[in-house]
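# Close look at the chain arrangement
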Amino acid sequence: MRDVLLVRFGEVHLKGQNRPYFLKVLTDNVKRAVRPLGGHVWLSDSRIYVSGTADILATAERVRRVFGVHSVSPAVEMEKDLDAIADRCAEMMRGLSGTFKVFARRSDKRFPVDSMELAKEIGHRVLEANSRLSVDVHSPEHRLNVEIRDNAYLSVGEIEAVGGMPMGTGGRAALLLSGGIDSPVAGYQLMRRGVTVCAIHFQSPPYTGELALDKVLQLSRILGEYGNGMRLYIVPFTNIQTAIHEKCPDGLGTILTRRFMMRVAERIAQKFGAQALITGESLGQVASQTMESLACTDAVVNMPVFRPLIGLDKLEITGIAEKIGTYRVSILPYEDCCTVFTPRHPVTKPRLETMADAESALDVEALVNEAVENTATEIV
Amino acid sequence: MIAYLDNSATTRPTEGVIEAMVRAMREGYFNPSSVYQPAVEAFRSVRACREAVLEKLGAVGEKLVFTSGGTEANNLAILGAVARMRGKQLVAVGRAEHPSVRAPFDRLRDMGHEVRALGVDSRGELDWGALEAALNDGASLVSCMQVNNETGAMLDCERLYRTVAGRALVHIDGVQGFLRVPFDMRNADMYTLSAHKVHGPKGVGALALRKTVRLEPAHIGGGQEDGLRSGTENTPGIAGLLQAVREMDASGLMEKKLYMVRRFLEAVPEALVNGPEPERGAPHILNMSFPNVRGETLLHALEAEGVYASTGSACSSRKKKVSPVLLAMGISPDRAECALRFSLSPHTELEEIDRAAEALREIYPKLKRFQRR
């Protein structure tokens with residue numbers, strides 16, 4: 001008899017022919033998450049198991065953050081002896097009161113007692129030992145799971161995990177990471193779908209300082225904890241901003257800046273082997289996030305641009321940011337883009353036809369090249 | 001070479017200070033409260049520092065409480081003094097104080113005491129009429145800073161003490177003045193100082209006080225520091241402070257400051273000095289506005305040239321965009337937003353000032369082009 005962590009995965013079940021590949025990636029990701037705690041991870045008929053770590057709850061906390069994991073349960077692994085199983089179940093339920101239900105599952109059909117019988121027998125034994133419990137098969141307060149596989153696995157309750165798809169199964173994409181509340185959430189949403197994400201940050205010294213950069217490093221680190229670290233590209237953006245400010249109509253400053261960001265980001269994304277860009281835009285939030293503005297920014301790139309927050313309200317985005325742990329860093333006050341360059345009255349409905357005209361005063365290609373060439377890389 | 005012109009944020013500990021601290025840890029690590037010979041030696045070192053500091057303040061025979069720094073000393077003085085007074089008090093505080101003084105007064109207000117803010121003009125001159133009025137209304141504590149940390153404006157401590165004339169306790173926050181501007185303990189009941197502003201280490205400061213002043217301690221326990229600040233003494237920090245006090249020599253600072261003003265005005269003729277006339281302010285602090293360029297932007301541009309300055313006090317420059325101290329002194333928000341503070345130490349080299357002046361000459365015209373439309 002020993003303590004193990006039972007790891008359940010959700011959507012991976014659906015992947016038909018690719019199932020073994022998804023499971024291999026997921027198992028590897030769980031192994032990576034558990035590695036600092038030691039222990040052993042293995043896959044055995046539609047469950048991943050973790051054993052041998054010093055602290056089962058710390059293990060659960062790490063594993064529940066692995067994308068593709070649906071839920072985890074600290075469990076007891078023991079021999080398939082009905083009597084011993086029922087005793088152990090009674091023991092596990094001793095401290096509880098209220099209603100419960102036994103969820104029995106017999107995957108090993110050689111075991112002589114079927115699921116119905118098993119549930120009945122265990123339920124009986126639990127009730128006998130604890131008079132404060134009663135059975136409710138419809139909406140029980142406590143779930144006692146008993147699974148008969150190579151061994152018997154007993155657990156009470158499940159800890160919800162992040163869900164999604166295993167990291168690395170969804171391709172690569174590049175996230176435009178500003179330091180605000182939205183962009184880290186956008187990155188998280190795609191990472192959760194198995195996408196390997198790199199981050200691109202635009203820096204404008206001397207209008208922004210080291211603290212603004214440090215904030216982005218911290219955000220990258222937090223996001224990286226959900227995957228396998230993160231690669232952060234830091235783009236020097238001052239020359240582009242000053243060129244726009246000097247040579248282009250003031251009201252278009254923001255939208256032109258966005259267009260340059262997209263151009264630079266696409267080039268860096270190609271280096272990273274990414275097939276798409278991710279932004280934290282939410283429709284109508286600010287001038288550069290109107291439908292017209294988004295059309296103008298999309299027009300300069302060929303890659304698809306994913307905007308997972310497009311239909312969310314600020315409060316919903318903030319809620320996710322709090323949950324994933326980026327909010328407290330995002331609200332630090334250091335500026336990521338200087339207000340010197342923000343037009344007093346930004347155009348909210350720019351027309352695509354006017355963009356080329358506005359940019360005609362600039363050597364777009366040279367500015368983009370310069371920014372891409374001088375981009376620095378940090379791996380966090 | 002870097003040009004470090006942010007000595008009011010902190011100073012670099014001297015080699016002598018570092019050595020004294022290492023020795024205090026390596027050899028003098030005993031607990032000053034223990035009774036065997038080496039421990040008594042540690043006790044004597046603490047006493048030597050206490051005496052050296054009091055001597056510098058002309059306060060031989062008065063008390064000195066070692067603290068974790070200026071902030072704790074200010075808290076102890078303000079909250080500790082009022083805690084020993086009976087009933088609701090009227091207390092008075094300068095309008096341009098450091099947050100470690102402002103916050104304790106805010107707390108006193110929350111506790112139901114009445115707090116009067118005493119105005120200061122752009123040269124840092126106290127509103128003496130308001131002080132007199134507060135005293136006439138029965139004020140029992142007055143707290144003002146000796147040297148304003150952002151502008152270098154200096155308080156006439158002698159006049160303050162004479163005006164108060166025993167009607168209230170007088171606390172002087174001397175963090176920016178200690179050993180750079182002369183001070184005599186005859187002009188205060190309590191005086192705050194900090195080691196790391198005078199080339200000592202961070203984490204140690206002190207409150208000097210007259211023996212007659214009664215304070216309620218904030219930290220209670222083993223009864224160290226005459227019961228006013230329990231906790232084993234920070235012997236390495238105190239050894240560092242002692243060495244710093246021995247080494248510190250502020251002569252020649254004013255010449256450096258005036259040289260800096262001249263060089264900076266040559267480099268940027270549009271620049272404006274904030275606060276008092278340079279020769280009438282503290283010898284190590286210069287506050288200047290560079291019109292139409294935000295202080296923060298200029299600061300980062302200077303940083304890229306290896307020149308370090310500040311937009312205000314280091315404690316608040318991470319929070320507010322515009323210095324509340326400059327605003328309290330009647331400086332316009334536009335001008336305050338373009339302000340930078342340069343602060344010197346006796347160790348500042350003229351080459352550092354030259355380097356900063358050259359950087360300003362180079363950078364300022366470029367940044368000015370990109371002002372907000």
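The rules we used
- Residues numbered from 1 in each chain as written.
- Chains lettered and ligands numbered in written order.
- Predicted model: local features only at pLDDT ≥ 70, side-chain atom pairs only at ≥ 80, totals over all residues.
- Helix = DSSP H or I, 4+ residues; strand = E, 2+ residues; numbered from the N terminus.
- Rg over C-alpha atoms; globule rule 2.2 N^0.38 Å.
- Buried ≥ 20, exposed ≤ 12 C-beta atoms within 10 Å, placed from the backbone.
- Contact = placed C-beta atoms within 7 Å.
- Axes fitted to C-alpha atoms, helices over the stretch in contact; angles between N-to-C directions.
- Parallel < 35°, antiparallel > 145°, perpendicular 65-115°, else oblique.
- Nonpolar A, V, L, I, M, F, W, Y, C, P; charged D, E, K, R; others polar.
- Pairing = 2+ DSSP bridges.
- Expected span 1.5 Å × (residues − 1).
- Domains from an automatic or database assignment.
- Bend = angle between axes of the 7 residues up to and from the residue.
- Left-handed = near helix turned anticlockwise from the far one by under 90°.

Regarding its fold elements, chain B presents twelve helices and twelve strands. The globule rule puts the C-alpha radius of gyration for 373 residues at 21 Å, and the 21 Å found for chain B is close to it. Seen along its three principal axes, the alpha-carbon backbone of chain B occupies a region of about 65 × 55 × 30 Å. Residue burial in chain B is summarised as follows: out of 373 residues, 52% are buried. Of the contacts made within chain B by residues no fewer than 6 positions apart, 74% connect residues no fewer than 24 positions apart.

As a further point, take the overall build of chain A. Each helix and strand counted, chain A has 13 helices and 15 strands in total. Out of the 380 residues belonging to chain A, those deemed buried represent 42%. Look at the contacts in chain A between residues 6 or more apart in sequence, and 79% of them connect residues 24 or more apart.

A separate point is the packing of helix α7 (residues 238-247) of chain A against helix α13 (residues 364-373) of chain A. Residues and elements named next belong to chain A. Contact pair α7 / α13: the axes reach a minimum separation of 9 Å and the direction vectors enclose 155°. In terms of orientation, α7 and α13 fall into the roughly antiparallel class. Residue-level contacts link Asn239, Ile240 and Ala243 of α7 to Leu367, Glu370 and Ala371 of α13. Taken together, the residues of the contact of α7 with α13 break down into four nonpolar, one polar and one charged.

Cis geometry is adopted by the peptide bond preceding Pro206 of chain A, which originates at Pro205 of chain A and carries an omega value of 5°. A positive phi angle, close to 70°, is found at Leu179 of chain B, a residue other than glycine. With respect to the helices, strands and loops of the structure, Leu179 of chain B is situated in the loop between β6 (169-173) and β7 (190-194). With a phi angle near 70°, His199 of chain B is a residue other than glycine that sits in the positive phi range. You can see His199 of chain B is positioned in the loop between β7 and β8 (205-209). On the neighbour-count criterion, His199 of chain B (25 C-beta atoms within 10 Å) is buried.

So, about the sheet that holds strand β2 (residues 63-67) of chain B. Residues and elements named next belong to chain B. Pairing within the open sheet is mixed, and its seven strands lie in the order β2-β8-β7-β6-β5-β3-β4. One side of each edge strand has no neighbouring strand; the edge strands of this open sheet are β2 and β4 (114-118). Averaged over all adjacent pairs, the angle separating strand axes in this sheet is 20°, with direction ignored. Here five bridges tie strand β3 (residues 90-94) to β4, and the two strands are oriented parallel to one another. Across the sheet, Val93 pairs through a bridge with Ala117, a residue of β4.

A separate point is the pairing of strand β10 (residues 285-289) of chain B. All names here are of chain B. Counting buried positions over the five residues of β10 gives five, a clear majority of the element. Both faces of β10 are covered, namely the face carrying Ile285, Asn287 and Ser289 and the face carrying Leu286 and Met288. Of the pairings in the sheet, the one linking strand β9 (residues 272-274) to β10 comprises three bridges and is antiparallel in character. Considered in β10, the bridge of Val273 is made with Met288. Of the strand pairs in this sheet, β10 and strand β12 (residues 339-343) are connected by five bridges, and their pairing is antiparallel. Within the sheet, the bridge partner assigned to Leu286 lies in β12 and is Phe342.

Right, let's talk about helix α8 (residues 253-272) of chain A for a bit. Taking 1.5 Å per residue, 20 residues should reach 28 Å; α8 of chain A reaches 28 Å between its end C-alpha atoms and fits that length. By the criterion of burial, α8 of chain A is predominantly enclosed, with 15 of the 20 residues buried.

Under the domain assignment used here, chain A contains domain 1 (2-160) and domain 2 (172-379). Relative placement of domain 1 of chain A and domain 2 of chain A: their C-alpha centres are 43 Å apart.

Residues and elements named next belong to chain B. In spatial order, the strands read β9-β10-β12; together these three strands make up an open sheet with antiparallel pairing. The open sheet has two edge strands, β9 and β12, and neither has a second partner. Direction aside, neighbouring strands of the sheet carry axes that sit 35° apart on average. Along the sheet, helix α8 (residues 253-267) contacts β9, β10 and β12; its crossing angle with β10, the most-contacted strand, is approximately 15°.

Another aspect to go through is the pairing of strand β2 (residues 40-44) of chain A. Residue and element names in this part refer to chain A. Here β2 pairs with strand β3 (residues 47-51) via five bridges, running antiparallel. Counted as the bridge partner of Leu43 is Ile48 from β3. Hairpin connection, β2 to β3: the antiparallel pair is bridged by two residues, and Ser46 has positive phi, about 60°.

Turning to the domain arrangement of chain B, a few remarks are in order. All names here are of chain B. Domain annotation of chain B identifies domain 1 (3-11 + 250-368) and domain 2 (15-247). A separation of 27 Å is found between the C-alpha centroids of domain 1 and domain 2. Between domain 1 and domain 2, the contact holds 28 residues from the first and 27 residues from the second. Counting residues per element, the ones that place at least two in the side of domain 1 that touches domain 2 are β10 and α10 (324-328).

Our focus in this paragraph is helix α12 (residues 350-368) of chain B. All names here are of chain B. Taking 1.5 Å per residue, 19 residues should reach 27 Å; α12 reaches 27 Å between its end C-alpha atoms and fits that length. At Glu362, α12 shows its largest kink, close to 25°, and the proline Pro365 lies no more than four residues downstream. Taken residue by residue, α12 has Glu352, Ile353, Arg355, Ala356, Ala357, Ala359, Leu360, Ile363, Tyr364 and Leu367 as its buried positions. Buried-residue contacts for α12 involve β1 (3-4), α8, α9 (295-304) and β11 (307-308).

Residues and elements named next belong to chain A. Within the secondary structure layout, His70 lies in strand β4 (residues 69-78). A count of 18 C-beta atoms within 10 Å places His70 in the partly exposed class. For His70, the contacting residues outside a window of four places in its chain are Arg8, Phe9, Gly10, Ala161 and Gly163.

A few words now on the packing of helix α3 (residues 82-92) of chain A against helix α4 (residues 115-129) of chain A. Residue and element names in this part refer to chain A. Between α3 and α4, the shortest axis-to-axis distance is 8 Å and the interhelical angle comes to 45°. Taken together, the axes of α3 and α4 are oblique relative to one another. In this structure, α3 crosses over α4, and the sense of that crossing is right-handed. Between α3 and α4, the residues in contact are Leu82, Ile85, Ala86, Cys89 and Ala90 and Glu121, Ile122, Arg125, Val126 and Ala129, respectively. A class-by-class count of the residues in the contact of α3 with α4 yields eight nonpolar, no polar and two charged.

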